[in-house]
Amino acid sequence: MTPLKHLFGIAELDRAQIEYLINLGDSFVELSRRPIKKAPTLRGKTVINLFFENSTRTRTSFEIAGKRLSADVINISAATSATKKGETLLDTAQTLAAMQPHALVIRHSIAGTCHFLADYLPGTAIINAGDGAHEHPTQILTDLLTLQHAIGGMEGRVMTIVGDISHSRVARSHMLAAQRMGYRVRLVAPKTLLPAQVERYGCEVFHDFDAAIPGSDVLYMLRVQTERLTSNCDFPSVREYHEAYGLNMRRLAAAGAEAVVMHPGPMNRGVEIATDVADSARSRILDQVEHGVAVRMAVLTALCGGGEE
């Protein structure tokens, strides 16, 4: 397997690398369940989390992951960074790199930010924690680990992704992962929330949610990213959206007894997902959160040289 230097997205990973990170993440699940959740794997390493967008799950899980591996973890948000004083992103990143961190975890609203920074920070591993509507690789690795536990993996399976596809880096990354890992993706959304020429990824496109449900092994719900919408006419009212594209118990029953429910968070209950579905026994949403810590431990280990120990 080719060693990893950065993690920009699923597009740069082959199947062997994806499987390696998933299996390494699986090995960390048990550690996170111990009374003392600590390993010396990254002792002496420094990880900086630089987030220019709001985040609860991704930022917190990266912080916990680093600390459980005994790394020194520094968290910086846009609100407290010098970019508020007019400093450029590049100057901020180079300033941090001059402090010799081993890894920089970055979330930014502009696609391609991680690739851009890597050219100027040759000695630092760059980890994409979400860049615009481009990719969110650690979420997809988290999902695949969760599905390995839930249904034995995704080879030959069908994942139906429903909601705001246009603005979803999760949907884009899953479309790429499906090509590597041998599963099928169905996309369900109103026409206004679908990117142009999305069929080039080899996925099926539906505008009728009920038509896409039969045969689905995973119902993956996305919130409407109102902060990225360019107008107020991308979809009808919240009530109408929920009627057309919300997951309720009737729709879950139509998917079959073995289908599971996923959501990358944050959820908008009563919009894309009903409360009784989100809290049902078939929901794997909290499993995704737990496995997110383990997967990010794996990514930090792989990129910071923890495997050497």
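Residues numbered from 1 in each chain as written. Predicted model: local features only at pLDDT ≥ 70, side-chain atom pairs only at ≥ 80, totals over all residues. Heavy atoms only, no water.

Caption draft 1: Quick peek at helix H11 (residues 285-304). Between its terminal C-alpha atoms H11 stretches 29 Å, which fits the 28 Å expected from 20 residues at 1.5 Å a residue. The largest bend in H11 comes to about 25°, at His291. The element H11 is extensively covered by neighbouring structure, given that 15 of its 20 residues are classed as buried. Positive phi shows up at Gly305, right after H11, with a value of about 80°. (Helix = DSSP H or I, 4+ residues; strand = E, 2+ residues; numbered from the N terminus. Expected span 1.5 Å × (residues − 1). Bend = angle between axes of the 7 residues up to and from the residue. Buried < 20%, exposed > 50% of the residue type's maximum accessible area, 1.4 Å probe, protein only.)

Caption draft 2: Here's a closer look at the nonpolar core. In terms of nonpolar packing, the biggest core is built from 87 residues, with Ile127, Ile161, Tyr183, Leu187, Phe209, Val218 and Leu300 touching the most fellow members. Ranked by the residues each element gives to this core, the list is headed by H11, at 10 residues. The residues touching Leu187, leaving out its near neighbours within four places in the chain, are Ile161, Ile165, Met175, Leu194, Val198, Cys203, Glu204, Val205 and Phe206. With 18 residues, the next largest nonpolar core counts Phe8, Leu50, Leu90 and Leu104 among its residues. (Core = buried A, V, L, I, M, F, W, Y, C linked by side-chain atoms within 4.5 Å. Contact = heavy atoms within 4.5 Å.)

Caption draft 3: The sheet that holds strand S1 (residues 46-51), seen in detail. Here 4 strands make up an open sheet; going across it, the order is S2-S1-S3-S4 and the pairing parallel. Two strands bound the open sheet, and with one partner strand each, they are strand S2 (72-77) and strand S4 (125-131). The average angle at which neighbouring strand axes cross in this sheet is 15°, direction not considered. Running over the sheet, helix H2 (residues 57-68) touches S1, S2, strand S3 (103-108) and S4 and is turned about 160° from S2. (Pairing = 2+ DSSP bridges. Axes fitted to C-alpha atoms, helices over the stretch in contact; angles between N-to-C directions.)

Caption draft 4: Structural detail: the side chain of Ser70. Tracing the backbone through its elements, the reader meets Ser70 in the loop between H2 and S2. At 2.5 Å, the side chain of Ser70 and the backbone oxygen of Ala39 are in polar contact. Setting aside residues no more than four positions away along its own chain, Ser70 makes contact with Lys38, Ala39, Pro40, Leu42, Arg43 and Gly44. (Polar contact = N/O pair within 3.5 Å; in protein donor to acceptor, adjacent residues only side chain to side chain.)

Caption draft 5: Structural context of the pairing of S3. With respect to burial, S3 is a largely interior element, 6 of its 6 residues being buried. Because side chains alternate across S3, one face comprises the buried residues Ala103, Val105 and Arg107, and the other comprises Leu104, Ile106 and His108, equally buried. By the bridge criterion, 5 bridges tie S1 to S3 in an arrangement that is parallel. Counted as the bridge partner of Asn49 is Val105 from S3.

Caption draft 6: Inspection of the pattern of salt bridges at higher detail. Enumeration according to the criterion identifies 13 salt bridges in this entry. Two residues, Lys67 and Glu63, come together in a salt bridge whose shortest N-O distance is 2.8 Å. Placement of the pair is Lys67 and Glu63 together in helix H2, with a separation of 4 residues, close to one helical turn. Relative accessible area serves as the criterion here: at 22%, Glu63 is assigned to the partly exposed category. (Salt bridge = Lys/Arg side-chain N within 4 Å of Asp/Glu carboxyl O.)

Caption draft 7: Structural context of the pairing of strand S8 (residues 218-221). Along S8, one buried face is formed by Val218 and Tyr220 and the opposite face, lined by Leu219 and Met221, is buried too. The sheet contact formed by strand S5 (residues 158-162) and S8 spans 4 bridges and is parallel. Paired with Ile161 across the strands is Tyr220, a residue of S8. The pairing of S8 with strand S9 (residues 260-262) spans 3 bridges and is parallel. Across the sheet, Leu219 pairs through a bridge with Val261, a residue of S9.

Caption draft 8: Region of the structure containing the sheet that holds strand S7 (residues 204-206). Here 5 strands make up an open sheet; going across it, the order is S7-S6-S5-S8-S9 and the pairing parallel. In this open sheet, the two edge strands, each paired with only one partner strand, are S7 and S9. For this sheet, the mean angle separating the axes of adjacent strands, direction not counted, is 20°. Sheet analysis places S5 next to strand S6 (residues 184-188), joined by 5 bridges and oriented parallel. Each bridged residue has a counterpart across the sheet, and for Val158 the counterpart in S6 is Arg184. Packing against the sheet, helix H6 (residues 169-181) makes contact with S5, S6 and S8, and its axis sits at approximately 155° to S6.

Caption draft 9: View of the packing of aromatic side chains. By the definition in use, this model includes 2 aromatic pairs. With 5.2 Å between their ring centres and 55° between their planes, Phe116 and Tyr120 make a pair best called tilted. The class for Phe116 is partly exposed, based on a relative accessible area of 37%. Taking relative accessible area as the criterion, Tyr120 reaches 40% and is therefore assigned partly exposed. Aromatic pair Tyr241 and Tyr245: ring centres 5.5 Å apart, planes at 40°, arrangement tilted. Remark: Tyr245 and Tyr241 occur in helix H8 (residues 238-245); sequence separation between them is 4 residues, near one turn of the helix. When its relative accessible area of 1% is taken as the criterion, Tyr241 is described as buried. (Phe/Tyr/Trp six-rings, centres within 6.5 Å; stacked < 30°, edge-to-face > 60°.)

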